[in-house]
Structure formats: C-alpha cells, structure tokens
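# Secondary and tertiary structure notes
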Amino acid sequence: MYNASHVEHKWQKRWADSGLYTTSLHDEKRPKYYNLVMFPYPSGDKLHVGHWYNYAPADSWGRYMRMKGFNVFEPIGFDSFGLPAENYAIKTGIHPTVSIAQNCAKMEEQLSLIGTMYDWSKKVVTSDPEYYQWTQWVFLQLYKKGLAYRKRAPVNWCPSCQTVLANEQVNNGECDRCKSEVTKKELTQWFFNIRSYAERLLNFDGLDWPEKTKLMQQHWIGRSEGSTVQFEIFGRSGGKIEVYTTRVDTLFGCTYVVLAPEHPLVGEITEKLFEKDVKEYIDNAKRVTDINRSAEGRDKTGVETGAYAVNPVNGKRVPIWIADYVLMTYGTGAVMAVPAHDERDFAFAKKYELPVVTVVKPPRDNPAGPPTDGGVAKGEAYIDDGVLVSSGDYTGLSSEMARKKITELLKLDGVADFQVNYKLRDWLVSRQRYWGAPIPLIYCEKCGEVPLSEEQLPVLLPEDVEFRPKGGKSPLAFVDSFMATKCPTCGGDAQRESDTMDTFVDSSWYFLRYPAARMKEGAFSTELANKWLPVDMYIGGPEHACMHLLYARFINMVMHDLGFVDFEEPFTRLVHQGLVTKDGAKMSKSKGNVVSPDAFVSQYGSDVFRMYLMFMGPFEAGGDWSDQGITGVSRFVDRFWNLMADRTTKGSSDVGTGEKTNTGLASARLVHKTIKKVIDGIEAFTFNTAIAGLMEFVNEAMKVGVSMEDKKIMTRLIAPLAPHLAEEIWEHLGEKESVFASSYPTFDPAMLMETSVEIAIQVNGKVRGTVVLPVGCSRDEALRAARVIESVARYLVGADGAAVTVKKEIYVPDKLVGFVV
RNA sequence: GCCGGGGUGGUGAAAUGGCAGACACGAGAGACUUAAAAUCUCUUACCCGUAAGGGUGUGUGGGUUCGAGUCCCACCCUCGGCACCA
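For the structure given in this document, a descriptive report is provided here. Predicted model, so just to flag it, every value in this text is computed and none were measured. (Residues numbered from 1 in each chain as written. Chains lettered and ligands numbered in written order. Predicted model: local features only at pLDDT ≥ 70, side-chain atom pairs only at ≥ 80, totals over all residues. Heavy atoms only, no water.)

## Description of the side chain of S391
- Considering the arrangement of structural elements, one finds S391 in the loop between β17 (387-388) and α11 (399-412).
- Looking at S391, its side chain comes within polar contact range of the main-chain oxygen of V389, at 2.8 Å.
- Not counting residues up to four positions away in its chain, the partners in contact with S391 are F252 and V359. (Helix = DSSP H or I, 4+ residues; strand = E, 2+ residues; numbered from the N terminus. Polar contact = N/O pair within 3.5 Å; in protein donor to acceptor, adjacent residues only side chain to side chain. Contact = heavy atoms within 4.5 Å.)

Written out as structure tokens, the structure reads:
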C-alpha cells in the first residue's frame, strides 16, 4: 500500500537537505533553462486550487526539462507590495510588514507541500528594502533617460481606495479592486513614457507567445496611421484647429468639426450667444465623466459653439461643435466629422440635423457593396473604403490613393501631415498609498525637482504611519520625519515625494534579479542576466496580457537601451494556464466557492492532486473543478505503485499486447508508444493525454507483467508528473541517486512500427467491415482481401446476385480501403 | 458593437481529412467478503430489435470530398478581452 503522506514528507525533506534544487548558475556543461512562473501575491488566504493549477504543471515542465538534460533554474518570490496588505492594516491595525512576513512564511510552507523544485535561495520579496531599493533605482534610470516625468492630468480616481488607478485597473468604470465607481480627479502624477516604446512593443519577432496574447497587446497599443489636418477658425486670423483622421479621403464630406469638452480652444472660440449652453454642457460633461461616460450608453450629446472652421481642401465653412464622444486623450482632441462615412458622426448628425454629404462610393468592381449613395439612403454610414465622388480633383481616386494625395498636397501648404497615433497611454506610476516603494525624489525650494543618487537609496518606508489615505495624498505626506529632508544638491531644506510606485513597477523587473537575488551592489548582475535570460518559459494567467507583460517588456527594453542587458525581450516563450472554475463560476471569496486543496492533499497526497489537476484537461483550457474525478487518479497511483514497487515481478520480461511474441517486440512497442505519448503530451502542455498514456500502459502491464528495465523507464517517465512517487519507486528499484539525476526516456521510432494493422473497409463512405493486413501491403492485395470480407462482399452484389459496378476503389495504405458503387 | 477562444455521451475529455467517444468519473451487473469498505471482472452514445443486425449521431443550416468533429460559407449559443481611439 502506497503511503503518500509518509513518502512525500520523506522526499520533501530529502530534497531540501540535499540542496538538489539549488541551481548551479555557473554550470557550463548543461544548457541553461530559465523556467519561471508569475510570482504570487502573499495573501492571508491559503493557497487555492488556482495556485496549484498554475504552479504544479509548471513545475512538472521544469522537471521534464531537467531530465532532458537542461540546467533548470526555477525560482520563486513574492509580489508583496500592494493594496490588500494596506487595507488589512487599516482594518486591523496590523502593520503590513508583519502581516506580509506571516503570509510569506505560510505560503512558503504551503508551496513546499506541492513538491516543487524551487530554488529558495534565490527568493525575492518586493517589499523588502533590499529589493525595493532597486525598484527605486529602476525609477531613477528611467528618470535619467527622460522616460519618467510629472504632469498634471485628470486621472482615474477611486473614492473608496482614495487612490489613482491606471486605465488597466478600471473595469466598466469600476475600480479593479474594490468595485467602487471610478471618478476623475486632477492631480500631478508621475508617468513613465511607455508610448515612446509603442512601435517596438508591437514587434513580437522571435517570441513564442500565444497569438491571442500578441493580438491583445497589439490592440491595446492600438496603432493607427492617419493624417493631421488644420482647419482655420473663420474670422480669426491665425486661429487654427488641428484634427486627426485616418480617413482624410473623406475630407470633402466633412460637414462639421467637433472638439472635446476639455479642448483648450473651447473657451476662446465660443460665441457670446452660445456661451451659456456651452458652459452648461461642459459642466455636465464633467459630471457625466464622473459617473462614467459608458454608463450613458452610446447616445451622443453635444452643443454648438457658434464658431465656424474652414475646410482647407475646399474652403467651405463648417460649424464647430463640442461633444464628449471626442476624447481629449487621443489624437488632437478634435475631429473632422464626416457623417456619411463614420458611424458616430452619422448618429450625431442625425440627432442634431447636420448635413450628410457622401464622398465615397463602393468601387464598381464590388457588386456586393451597397448600391447607390454608399448607404446613406439606407440610413447608415458607408464606412468602407471605395472610390471618391464629389471630391474635386480627387474624384475617381481610390480611398487609399486619395489619403496619400490629399495629405501630400495639403502638406505643401503646411496644413496637413502624415501622423501615426497609438491608443496606448503613458504609464501612470504614482500611487497615493503607503505600501509601495517610495519614489526616490525630493523637491527643493531652490533646486526644484531633484532625483536622489544611488548611494542615497533605499528611501525607506517609515514604520509609524496612519495608513488611511486622506484627500488624495499619500499617508507618507503626513509623516514629517519622512517628508523633511535636505537637498542633495544645495543642502537646503527640501521635501520628499510622498507618492509610492505602482506595484507593476516592482513586478516589471523581478525576473532580472532572480539569478543574483542576494546581490547588494546592484539591482541585478549584468553577467548573470545575460547568461540566464531571457526567460525560456514564462507561465502565468492571461489576465496579465496587457499590463504586467507589457510593462515588463518595456522596462526590459529600457534596461537594454541603457546597456545593462543585451537582450530586448524578457520572455521567449509564454504559456497561460486556464482558469479553474467551480460550478462554472470563477472562484472567489465573495461567492464562497473557493476550493481549498488542503483536504485533498492530505487525503490523497500532492502527487495525486497535482496529476488530477493535469488530468482535468489541457493546461491552457482550464476547467471546472469537481470533487469526484480525483479517485480515478488516486487508483492509478496505487496501481502504479503496486505494479512497479512489487519485487515479485512476473517471470516474463515482456509486457505483451495480448499477442505476445517470442521476440518480445510487442512489449517493446507498447513501451515505446507510451514514451511517445507521454512526451507528446508534456511538450504540448496537454498533460491529460500524457497521463492517459501511462494509465493505458499500467492497465495492460497489470495483465502481463513488466520487466525491471521497463519499470525503470516508466518510473522516469512519470517522474515529472508525480515526483515523490517516482523517487520512492526509484529507490525501491535499487537506485541510489535521485530519479531527477537520471535522464528522460526516449523512444525509437522504428520500434513504433506494427507488423500488421487493422484496416477499415468503406462502401460509399460507410464502414462495412475491417480486415487485418500486413503493414505496407500493396493496393491490389488490400483490395482483394477487402472484397472477400463477408460484411463487405454483400454490398458489392446487387439484389439479383450479380456484381454491382464499382466506380472507384480507394486505398490509403495502412488505413482503409474504400469502394464507391 | 469589434477582436479572440470554445460548443463532442449522464460528467471531465480524446481523435496528422480515414473505424467518433482513447483515458477517467459516474451508473449498472457480477466476483471476493458473515457483512461493508477496498480491490478485481464485465456492460455503459442514442434509437429499433429477444438476437443477428440495422439506423441516427460531434451547436444549426448549407457546401467541398469516395470520406468532414476536423476544411469552406452563413447563423445560433457560450466564455474571455476591448469598447465612442476619429
């Protein structure tokens, strides 16, 4: 009887004592392999099924690569700054330093129960000063390169968390963390200029990432090619409105111009008569913005300014409107409205009875396109490209050509130019919170904004703080002993920056530090980073596609540009684990459907639990948790144990397939087939089929016995999936070293060859019988053999007993024979 | 609305265009047992049939093909992501 709990304790202790998984980072003999999982947040809750679902298969992958001969580095750490610990402190008075230390210790213990081969000597904890000092250093590097800057900007503000949120942290107008409604607030904030890296971030060359993730990042970055066009303001010499458009080909169809409510020209151009309405609209827009524009649905609103703009292409006067469907944060904050060819402009024009002028028609060679005037007649905008009409000299040009020509010509007069825009906004890194890395800057009355020097790091978080944020200021702002400092330049009185950094800054460089986790002289070792990075395999949730994964790439590129590392991309291969749900719903405390692994682990053991999670389905698909199926894996482990560890092996050294041969070939074929199936499964992250392959082998071997040699093969085969079990059997089989010091079995393709094969026989596409034929049997032989099979033959004769005409004979070697009659 | 996954037995699932449902769970029957648990054996897509056998089946409707879960077109449902980006 296999005693999982005893065996697992034994091996966990032995692994830890022997330092088996402390990777020698200077080993030159084996190729390196950096196997990384996204590090966890050390929450007070226990490790849940989702953690296991992520970490256990990731560890199996690492163990597999290790046995394949790689020197595998598999580190782990804790992403320990952030709101939950601070909110917990506000509620309970327990200091984050204390609660985080407790949580880390607890999670470390739980993580070791999984039986992972983490190299704990390289642990990083982002809230330790020895780490965040270097997060501050990273900030300074960006500052020096001109990539960190301050600006006053309307920001997403969570009234409940009293903090600023990144766009990425706002969902449906709600705060990502507390679900409160997000409002706007004007604050001076620190930003990282990630936009200047937009173009490079769009390039995924050489990255083995899921297509889906690349697409999501591309959409997030949102590159668009267009033109800026300047409209003169009628009656105001020198007054100009610059608009951005991707459809300059529709310029002749522009019937009005729209400014965002926040546009700086609004006050200047509004005519007296319209001032009251405009003011009202803008006030309203601010409030509407506060409540969240999307909550208003898609209904467009706007107000007239009374001013007019002049279309540079034809000198036509068009009214200037203000509407909140134009965003100040994208393009120039002003658009030329072409209702005939833009859905939003069309809806707006209909509502306010503005003219609709068609200037693009479907190309003649596209009969599928709308018929007459592009669709305006049908009550909708024609938004596709086509051929220009009513467009002066440009009439008859294709949209594509017209965009080029119109911009080029207007460019000569200096009123237009080509322009590429991105949806991506700069990364807002200021947080008005306590539990984060302080931004390493001071404000001096004489010298202004002064960055600290490296020697002045870390800027330590003060211990004694009132955590509750007040009025949009960080709790640090109220700690005089922290705030008051001397200017490093002039020595005069100065104030520290009171904001801390977004925790995404912490996690955007941690993978660089792991190889030199204890390093005191720098954030990371250039030498070790160049040796060990990029990360060969990065495993984590798809929810990080547009945040963490984008930020990490950005920071890594900056480090590259500064000459600290010689690779641009940090993660070569990326795999996302699927979501484990319970009754179809995401597990969450509020729903009360969180499944705790602990009871299952103590009942069945961690190997069984790990394999059950892997057996549920493909790793990337996730699945719905059910308590039931685990018994199947548990039975399998018992049978595997009984079969392998039982020394009274049946005398035969062969594992038969029911047609046992004297040569033993049949058994070898099953062994090799199993090896192939397991390897294929692991490589594809479909561990379920790998485990199924092992089950098939055991089911067969139970009947006929298994040789010592094959026992050793199977034990090595299962080792990455059930590490404790494999070690124990390995020892039982008389091996002295760890099974993970052995190599992974390989298969011989020649051994997979069958001598005979069962072939399906189809008549008119329907299977009517089968026949066993030698492999590589000729067409004639196969057809002859197929014809005489009774269940087939009767379909080849008519009612009168005469042979029917066979119109076609098909032979797919070693697969099937087909007759068409 | 747009972009991307995904729809296969009672359940989780498997299947280079070639015998759909491997491997498991559950269920049913049996063996062992004083009994139960555990274990082992057999059955288990659906319909008709005592059976032999036949028919129908991979979200729906079309198409390509000797042959489609797999490829193409249209649609429905579902899960994720984005959402006035000019």
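Text resumes after the structure shown.
## Some words on the pairing of strand β12 (residues 256-259)
- Side chains of β12 alternate between two faces, with Y256 and V258 and V257 and L259 buried alike.
- Pairing of β12 with strand β15 (residues 334-337) involves four bridges; the strand directions are antiparallel. Within the sheet, the bridge partner assigned to Y256 lies in β15 and is A337. (Buried < 20%, exposed > 50% of the residue type's maximum accessible area, 1.4 Å probe, protein only. Pairing = 2+ DSSP bridges.)

## Examining the side chain of Q12
- Relative to the assigned elements, Q12 resides in helix α1 (residues 4-18).
- Separated by 3.2 Å, the side chain of Q12 and the backbone oxygen of L113 make a polar contact.

## Here's the deal with the state of the cysteines
- According to the stated counting rule, one finds zero disulfides in the structure shown.
- As a non-bridged cysteine, C444 has C490 as the owner of its nearest cysteine sulfur, 3.5 Å distant.
- In this structure C444 comes out as buried when scored by relative accessible area, which is 7%.
- Free cysteine: C447, not disulfide-bonded; nearest cysteine sulfur from C490 at 3.6 Å.
- Owing to a relative accessible area of 32%, C447 belongs among the partly exposed residues under this scheme. (Disulfide = S-S within 2.5 Å.)

## Looking at the packing of helix α18 (residues 606-615) against helix α21 (residues 687-704)
- For the pair α18 and α21, the least separation of the axes is 7 Å and the interaxial angle reads 115°. The residues of α21 that touch α18, namely those facing M611, M614 and F615, are F687, N688, I691, A692 and M695.
- Of the residues in the contact of α18 with α21, the class split is seven nonpolar, one polar and no charged. (Axes fitted to C-alpha atoms, helices over the stretch in contact; angles between N-to-C directions. Nonpolar A, V, L, I, M, F, W, Y, C, P; charged D, E, K, R; others polar.)

## Re the sheet that holds strand β32 (residues 766-774)
- Pairing in this open sheet of four strands is mixed, and the strands run β32-β31-β34-β33 from one edge to the other. Two strands lie at the open edges of the sheet, namely β32 and β33 (808-812), each paired on one side alone. Averaged over neighbouring strand pairs, the angle between their axes works out to 20° when direction is ignored.
- Where β33 lies against strand β34 (residues 816-820), five bridges are found, and the strand directions are antiparallel. Pairing of E809 across the sheet is with F819, part of β34.

## Details of the protein's contact with RNA strand B
- Taken together, 50 residues are adjacent to RNA strand B, and T246, Y330, R344, K423 and N699 come closest.
- In RNA strand B, the atoms that sit within 4 Å of the protein are 66% sugar and phosphate, with bases accounting for the remainder.
- At a separation of 3.4 Å, a phosphate oxygen of RNA strand B approaches a polar side-chain atom of S224.
- For RNA strand B, a phosphate oxygen lies 3.4 Å from a polar atom in the side chain of K808.
- When contributions to the surface near RNA strand B are tallied by element, the ones reaching two or more residues are α7 (211-221), β11 (240-245), α19 (630-645), α21, β31 (756-763), β32, β33 and β34. (Near = heavy atom within 4 Å.)

## Quick word on α7
- Every buried residue of α7 is listed here: T213, K214, Q217 and I221. Along α7, the residues classed as buried sweep out an arc of 100° about the axis, all on the same side. Counted as exposed and oriented over 90 degrees from the buried face of α7: E211, K212 and H219.
- Where the residues of α7 are buried, they touch α6 (198-201), α16 (548-561) and β27 (574-576).
- G222 occupies a position one or two residues after α7 and carries a positive phi of about 60°. (Arc of directions from axis to C-beta.)

## Remarks on a nonpolar patch on the surface
- Together, Y88, I94 and V98 make up an exposed nonpolar region whose accessible area comes to about 230 Å².
- With respect to the helices, strands and loops of the structure, V98 is situated in helix α4 (residues 96-114). (Patch = residues over 30% accessible without salt bridge, like charges linked within 9 Å, V, L, I, M, F, W, Y side chains within 5 Å. Areas by Shrake-Rupley, 256 points an atom, 1.4 Å probe, with all protein chains shown as cover. Salt bridge = Lys/Arg side-chain N within 4 Å of Asp/Glu carboxyl O.)

## Observations regarding the pairing of strand β24 (residues 493-496)
- The pairing of strand β21 (residues 441-444) with β24 spans three bridges and is classified as antiparallel. In the strand pairing of β24, C444 is matched with A494.
- Note: strand β23 (residues 484-486) against β24, three bridges, orientation antiparallel. Paired with K486 across the two strands is D493, which belongs to β24.

## Considerations on helix α10 (residues 343-352)
- Taken residue by residue, α10 has D345, F346, F348 and A349 as its buried positions. All buried residues of α10 project into a common sector of 165° when viewed along the axis, lining one side. Turned more than 90 degrees away from the buried face of α10 sit E343 and K350, all of them exposed.
- Looking at the packing, one finds that the buried side of α10 touches β12, β13 (302-310), β14 (317-323) and β15.
- E353 sits one or two positions beyond α10 and adopts a positive phi of about 55°.

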